[in-house]
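Read off the chains here:
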Amino acid sequence: MSRYRGPRLKKIRRLGTLPGLTNKIPRALRDIPNQSRSEYRIRLEEKQKLRFHYGLTERQLVNYVRIARKAKGSTGKVLLQLLEMRLDNILFRLGMASTIPAARQLVNHRHILVNSRLVDRPSYRCKPRDIIMSKNKKKSNILIETSIERFAHKELSNHLNLSSVPYKGLVNKIVDTNGVGLKINELLVVEYYSRQT
């Protein structure tokens, strides 16, 4: 699966803060006046924010939009719920990884158990009452402990719980749109794809 390997700060300067992409802070964000941006560009930037924050390819994002359209409820809210309930995002939100790419690497290297079963797919969709913990390996425990200590000040969302030693994460419920860690207008993303298809 392909992933973005280019300059991350360049993306942040153009799109705004993306906490899932990197922890680095750029010197100055580019401020483009709203009058000079077309409607297409505004929709495209919102879609790109979503794509780069969650580390998705274009095809994956199109598949998530299709699933969200078929589900009951607002397409934009369902889309955000689907993306927030991915295993790599849950690990990032729990503080077990510093970024979503770091969480993806933990999952790919087989360090994470969900309900005492080994899961090696970052796109695994977590459900309420799932228990997420690290495999009993010294290396994975050290990685998770250092990440949790570094981000101890970070406030957990109300749909997640984290218990310490051994570190276990619990998904309480499906996330609501207020608990999403990214400032985004999901309706613009849905509009972008409705015009494309």
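Within each chain, residue numbers correspond to sequence positions counted from 1 in written order. pLDDT decides what is reported in this predicted model: residues at 70 or higher carry local features, side-chain atom pairs at 80 or more are listed and counted, and totals for whole chains, interfaces and linings draw on all residues regardless. Here the side-chain values reflect all heavy atoms present in the structure, with hydrogen atoms and water set aside.

You'll find the protein chain entered in an unreviewed UniProt entry as Small ribosomal subunit protein uS4c, with Cuscuta bonafortunae given as the organism. UniProt positions are given in the numbering used here, feature names are shortened, and annotations may be inferred rather than shown by experiment. According to UniProt, the comment filed for the protein chain under the heading Subcellular location (unreviewed entry) is "Plastid". Note on the protein chain: under the UniProt heading Sequence similarities (unreviewed entry), the record states "Belongs to the universal ribosomal protein uS4 family."

S.K.: Can you walk me through the sheet that holds strand β5 (residues 168-171) in this structure?
M.R.: Paired through backbone hydrogen bonds, the strands of a sheet run either parallel or antiparallel to each other. Spatially, β2-β1-β3-β5-β4 is the arrangement adopted by the 5 strands of the open sheet, whose pairing is antiparallel. The outermost strands of the open sheet, each flanked by one partner alone, are β2 (117-118) and β4 (160-163). Whether two residues touch is decided by their heavy atoms; if any such pair falls within 4.5 Å, the residues are in contact. Axis definition: a line fitted to C-alpha atoms, over the contacting stretch in the case of helices. Angles run 0 to 180 degrees between N-to-C directions. Helix numbers and strand numbers start at the N terminus; a helix is a DSSP run of H or I with at least 4 residues, a strand a run of E with at least 2. Packing of helix α5 (residues 87-94) onto the sheet brings it into contact with β1 (112-114), β3 (131-134), β4 and β5, and relative to β4 it is tilted by some 60°. Think of it this way: DSSP has to see at least two bridges between two strands before they count as a pair.

S.K.: Any chance you could explain the pattern of salt bridges here in plain terms?
M.R.: Any two side chains of opposite charge can pair if their charged atoms end up close together. Salt bridge criterion: a side-chain nitrogen from Lys or Arg within 4 Å of a carboxyl oxygen from Asp or Glu. For the structure on display, the rule yields 10 salt bridges. Glu46 serves as the salt-bridge partner of Lys49, at 3.2 Å between the closest nitrogen and oxygen. With Lys49 and Glu46 both in helix α2 (residues 39-54), this residue pair falls 3 residues apart, about one helical turn. Neither residue differs from the other here; Lys49 and Glu46 are each classed as buried. Relative accessibility decides the category of a residue: with a 1.4 Å probe and only protein chains considered, values under 20% of the type maximum give buried, values over 50% give exposed, and everything between is partly exposed.

S.K.: How do you make sense of the packing of aromatic side chains when you look at a structure like this?
M.R.: Put simply, two rings from Phe, Tyr or Trp (the six-membered ring, in Trp's case) pair if the centres are within 6.5 Å, and we call them stacked under 30 degrees between planes, edge-to-face over 60, tilted for the rest. Summed over the entire model, instances satisfying the criterion amount to 2 aromatic pairs. Ring plane angle 40° and centroid distance 5.9 Å describe the contact between Tyr40 and Tyr192, whose orientation is recorded as tilted. Note that Tyr40 is positioned in helix α2 and Tyr192 in helix α8 (residues 186-196), a separation of 152 residues in sequence. Aromatic side chains Tyr192 and Tyr193 sit 5.2 Å apart centroid to centroid with 85° between the ring planes, which places their arrangement in the edge-to-face category. Considered together, Tyr192 and Tyr193 belong to a single accessibility category, that of buried residues. Grouping aromatic residues by their ring pairs yields a cluster made of Tyr40, Tyr192 and Tyr193. The ring of Phe52 has Arg51 sitting right over it, with the charged end atom 5.1 Å from the ring centre. We call a charge positioned over a ring when the NZ of a Lys or the CZ of an Arg lies within 6 Å of the ring centre and within 35 degrees of the ring normal.

S.K.: Explain the packing of α5 against helix α6 (residues 100-108) here, please?
M.R.: A pair of packed helices is characterised by two quantities: the angle between their axes and the separation of those axes. At a minimum axis distance of 8 Å, the contact between α5 and α6 shows a crossing angle of 115°. Considering only the axes of α5 and α6, their crossing is right-handed. Here α5 contributes Leu87, Asp88, Asn89, Leu91 and Phe92 to the contact with α6, which in turn contributes Ile100, Ala103, Arg104 and Val107. Broken down by class, the residue content of the contact of α5 with α6 amounts to 6 nonpolar, 1 polar and 2 charged. Crossings are classed by handedness, with left-handed meaning an anticlockwise turn of the near helix from the far one by less than a right angle and right-handed meaning a clockwise turn. Polarity classes work like this: nonpolar for Ala, Val, Leu, Ile, Met, Phe, Trp, Tyr, Cys and Pro, charged for Asp, Glu, Lys and Arg, and polar for all others, with Gly in that last group.

S.K.: Just checking my understanding: could you explain the nonpolar core for this structure?
M.R.: Grouped burial of nonpolar side chains is what soluble globular proteins tend to show. Put simply, a nonpolar core is a bunch of buried Ala, Val, Leu, Ile, Met, Phe, Trp, Tyr and Cys residues held in one set by side-chain atoms that sit within 4.5 Å of each other. Within the largest apolar cluster, 25 residues are counted, with the highest numbers of intra-cluster contacts made by Leu50, Tyr54, Leu79, Leu83 and Tyr193. For this core, the secondary structure elements donating two or more residues are α2, α3 (58-70), α4 (75-84) and α8. Setting aside its immediate chain neighbours within four residues, Tyr54 contacts Leu83, Glu84, Asp88, Asn89, Ile100, Arg104 and Val180.

S.K.: Explain the side chain of Glu46 to me, please; I cannot follow it from the model alone.
M.R.: Given the relative accessible area of 11%, Glu46 is considered buried. Within polar-contact distance, the side chain of Glu46 engages the side chain of Lys49 at 3.2 Å. Once residues within four sequence positions are removed from consideration, Glu46 is found in contact with Ile184, Asn185, Leu188 and Val189. Polar contact is the term for a pair of N or O atoms within 3.5 Å; when the atoms are in protein, one must be able to donate a hydrogen and the other to accept it, and sequence-neighboring residues count only if both atoms are side-chain atoms.

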